[in-house]
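# Summary of the model geometry
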Amino acid sequence: MFAYVVRRVLATIPVMAVVALFVFSLLYIAPGDPAAVIAGDQATPADIERIRASLGLDRPYLVRFGAWVWDIMRGDLGTSIFTNLPVSTMIAQRIEPTLSLMVVTLLLAVSVAVPMGVVAAWRQGTVIDRAVMGFAVLGFSVPVFVVGYVLAYVFALELDWLPVQGYTPFSRGFGPWIENLILPAIALGTVYIALIARITRATMLEVLQQDYIRTAKAKGVGQRAILFLHALKNAAVPIVTVIGIGIALLIGGAVVTESVFAIPGLGRLTVDAILRRDYPVIQGVVLLFSFVYVLVNLVIDLLYTLFDPRIRY
Amino acid sequence: MDRRSFIKAGVAAGVVAGSGGMAAPALSQAANRTLRFVPQANLANFDPIWGTQYVVRNAAVLVWDTLYGFDDKLEAQRQMVEGEQVSQDGLTWTFRLREGLRFHDNEPVRARDVVASINRWMPRDPMGQLLRALGDELVAVDDRTFRWRLKAPFPKMKMALGKNATPMCFIMPERIATRFDSFTQVNEYVGSGPMRFVRNEWVPGARAVFQRFDGYVPRNEPASWLAGGKRMMVDRVEWVIMPDPATASAALQNGEVDWWENPITDLVPVLRRNRNIAVDIADPLGNIGSFRMNHLQPPFNNPRVRQAVMTALSQRDYMTALVGNDENLWKTLGGFFTPGTPLYTEEGGEMMKAANLERGRQMLRESGYAGEPVVCLVAQDQPITKAQGDVTADLLRRLGMTVDYVATDWGTVGQRRALKNPPNQGGWSMFHTWHAGADAINPVLYNAVRANGDGAWFGWPNVPAVEAEVPNWLAASNLAEERAAIGRLNRAAVENVVYAPTGFFLGYQAWRRNVSGIVKGPIPFAWGVSKS
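Residues numbered from 1 in each chain as written. Chains lettered and ligands numbered in written order. Predicted model: local features only at pLDDT ≥ 70, side-chain atom pairs only at ≥ 80, totals over all residues.

## Some details on the overall build of chain A
- Summing up its helical and strand segments, chain A has 12 helices and 0 strands in all.
- Reading chain A from its N terminus to its C terminus gives the helix and strand order α-α-α-α-α-α-α-α-α-α-α-α.
- Counting only C-alpha atoms and orienting by the principal axes, one finds that chain A spans roughly 85 × 55 × 35 Å.
- The buried share of chain A, taken over its 313 residues, is 39%.
- Partitioning the contacts of chain A with sequence separation of at least 6, the portion at a separation of at least 24 is 73%. (Helix = DSSP H or I, 4+ residues; strand = E, 2+ residues; numbered from the N terminus. Buried ≥ 20, exposed ≤ 12 C-beta atoms within 10 Å, placed from the backbone. Contact = placed C-beta atoms within 7 Å.)

Here it is, written out as structure tokens:
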């Protein structure tokens, strides 16, 4: 197992290298010019050229790529063209809100979706099952921003229970922290709940047909124990896989959710950087997201061994 | 007090009563000393000379002071300057600084700081570049006096140093102004304005914080835009960046922010229905919508094709698309300058108001237009350019032109518009933009109306008759002479369609009714604004 983990961790290096090359090249050929944005409408072409030169954007592709890779290898993600702040500082400023949003969403989604899926499978064909599936279809179909606006309108504007926007760091207390995250987490989690609930239901239906379940029932094992101890554990591998894949969904959804709820997270940082062509920031954030995704996949692979003893690395 | 605040205050009061303290009123008082403001855009950088975006300038006026400042009559009044003397021949200006001016690091503002700041500003500003060319010697005479000797008189000196168009001539410490040239971003934000920039609370894209500077000595005159006493009535100004207008609207209604700089027109009725919110015009100088045609490439290298388009376009269509049916928000233009300002003229501007599609079609037929595709760049991420682009594409098609509508983003337009290649080789035929009315008040600040060929703004119009009037305006010694020069400039600019104005439009601002002192102006001036 240890050797496997080491092998997988080492395997992230070529993956990250390919990602780095890909991202850098894409940005290099993409249209847009940060120097023109900085210079503003009053600037002359000569002004823009001077700014481009001062930012090093006039250097050849290989020189720029080499310099960037060299900096990364020394742990330096570069400096934002616009803010003049180190990219690592900007990421550090933004990571807590995004991490908080993702963790709360993940907890909410898993704790709601898995029981929903289990109950729907258990009560297959009943009103409960149809309600769960109806919710799943709806949750999958309605865009995140629509859910966000509706939640903000009802719970913030009309009922005045929760704030519309913003983020309060965890260091200022659990109450203010969670208050700002409830609506965004529900908005972002809706599609995730729908996805996990559907997969859980489908997998559970398959497992509930197995002989050992019938045996358990014949032995008089209680319904709850059958569902949650015997069936769910055996249905866990596909569910965990979907949860892992869903992390990418969350990263994408976080961009929209952070904009709708004005949360200063990595999603908004990415969008702002793309619109302004702040290359070092885009590159830094994409590298980080790729690394997180690779890491999540590794964790998911390791979790398989917990749920299915037959899986060994 | 809203429900959530009421519940929180109750809980806080309970906690405080239990602990024997008295924090609830203090908390409320602190809240009233903090102004939460939603700006038009993200404060992504904070060097007002290096980055010339309006949002940077709007934040910079809190932190950096200026020698002169425009008042609401667009006249430059003394600000840091106590007085100035001009020699008989108009070639030597001697300025004296006010007493007691201090930077936020508590160092006094000295004449050498001013000299260094002017030197850093000049290369980036059109009026500064003129001054630089005319300059013979700019020196600090003593700590409070500096002298500027010119090679030729420059009657617009105070305007240049006090204008509100970007980049403004902000004064910073010499050690910073000399360490970073105009094309390199500063990394210290030390000014002598009424607020300090709290750097460690700055999260670009999310928040910028300004704290009242106790060492600031305001002038005695009442504040008027950038002139007069800049008295801060709050201790702290928090800029809360909200990219989504619907969220900003909800936050304002919910009392989570106090003042929103630029609510979109669609949301104004919702805000007006809320009795806790006031809505009014933001900037009386407004904006001028525009599209620029490429004078170097077919079909718009043919002036008759440009005239056909200008004759056919209906400014009403553009303005309705931009700001809706509220006719208080827009007007049609017969000239290139900002309506309501001293130099506005409609001399020779009949074609701009023609809105005659039939006549435009006929002119296009007579122009020899051979069906060349018009590569029309339309940034989709800017509501103003998107709305204008859609109207233009429809107009051109109705005129009988072939339109290649390029839906893209503002960053790409910014790069592509600088290319002079033919449209089918990565170039362009036209793009849409807008100009702040505050910049369109004279021909030096307003580079969009200039027509000096390669030196002109994108589209590169070359109209000597326009350029001939710029020095005439600069040399004019009174308003009548200035207006005469601008009348001739306007006529030549319309005749040659330097660019196509699509109308003049205003925008709204909105604030909670417990906030008072907000004025209409080209910048959201925070001085004089208080909260109850």
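## Some points on the interface of chain B and chain A
- Listed by partner, the interface residues are 39 residues for chain B and 40 residues for chain A.
- For the side of chain B that touches chain A, the secondary-structure elements that each account for two or more residues are α1 (3–19), α8 (245–253) and α14 (410–416) of chain B.
- The residue inventory of the side of chain B that touches chain A, partitioned by class, reads 12 nonpolar, 18 polar and 9 charged. (Nonpolar A, V, L, I, M, F, W, Y, C, P; charged D, E, K, R; others polar.)

## So, the sheet that holds strand β11 (residues 259–260) of chain B
All names here are of chain B.
- A sheet is described by the order of its strands in space; here 7 strands give the open sequence β8-β9-β10-β1-β11-β19-β12, paired in mixed fashion. Taken across any chain shown, the strands that pair with only one partner, and hence form the sheet edges, are β8 (195–197) and β12 (277–281).
- As defined by bridge partners, strand β1 (residues 34–38) adjoins β11 across 2 bridges and the pair is classed as parallel. The residue of β11 that forms the bridge with phenylalanine 37 is tryptophan 259.
- Most of the contacts of helix α3 (residues 54–63) go to β8, to which it runs at about 120 degrees, and overall it touches β8, β9 (207–212) and β10 (236–240). (Pairing = 2+ DSSP bridges. Axes fitted to C-alpha atoms, helices over the stretch in contact; angles between N-to-C directions.)

## Things to note about helix α15 (residues 464–475) of chain B
Residues and elements named next belong to chain B.
- Taking 1.5 Å as the rise per residue, α15 with 12 residues should run 16 Å; its terminal C-alpha atoms sit 18 Å apart, in good agreement.
- Among the residues of α15, Val466, Glu469, Val470, Trp473 and Leu474 are the ones counted as buried. Viewed along the axis of α15, the buried residues span an arc of 140 degrees, placing them on a single side of the element. Facing away from the buried side of α15 by more than 90 degrees, the exposed set consists of Pro464 and Pro471.
- Buried-residue contacts for α15 involve α16 (479–495). (Expected span 1.5 Å × (residues − 1). Arc of directions from axis to C-beta.)

## A short note on the confidence of the model for chain B
- With 95% of its residues at a pLDDT of 70 or more, chain B shows a mean pLDDT of 92.
- Here residues 15–22 of chain B is a poorly scored stretch, pLDDT under 50, and it has 4 contacts once near neighbours within four places are set aside; other chains count. (pLDDT = per-residue confidence, 0-100.)

## Digging into the sheet that holds strand β4 (residues 81–86) of chain B
Residue and element names in this part refer to chain B.
- If you trace the 4 strands from one edge of the open sheet to the other, you get β4-β5-β7-β6, paired in antiparallel fashion. Looking along the sheet, the strands with just one partner apiece sit at the ends: β4 and β6 (135–142). Neighbouring strand axes in the sheet, compared pairwise and without regard to direction, differ in orientation by 15 degrees on average.
- In terms of strand pairing, β6 meets strand β7 (residues 145–150) through 6 bridges, oriented antiparallel. Bridge assignment links valine 139 to a residue of β7, and that residue is arginine 147.
- Across the sheet, helix α4 (residues 111–121) is in contact with β5 (92–97), β6 and β7; its angle to β6 comes to roughly 155 degrees.

## Some points on the environment of tryptophan 473 of chain B
All names here are of chain B.
- With respect to the helices, strands and loops of the structure, tryptophan 473 is situated in helix α15.
- Overall, tryptophan 473 belongs to the buried group, with 20 C-beta atoms counted inside 10 Å.
- When the C-alpha positions of tryptophan 473 and alanine 485 are compared, they lie 5.6 Å apart, and in sequence the two are 12 residues distant.

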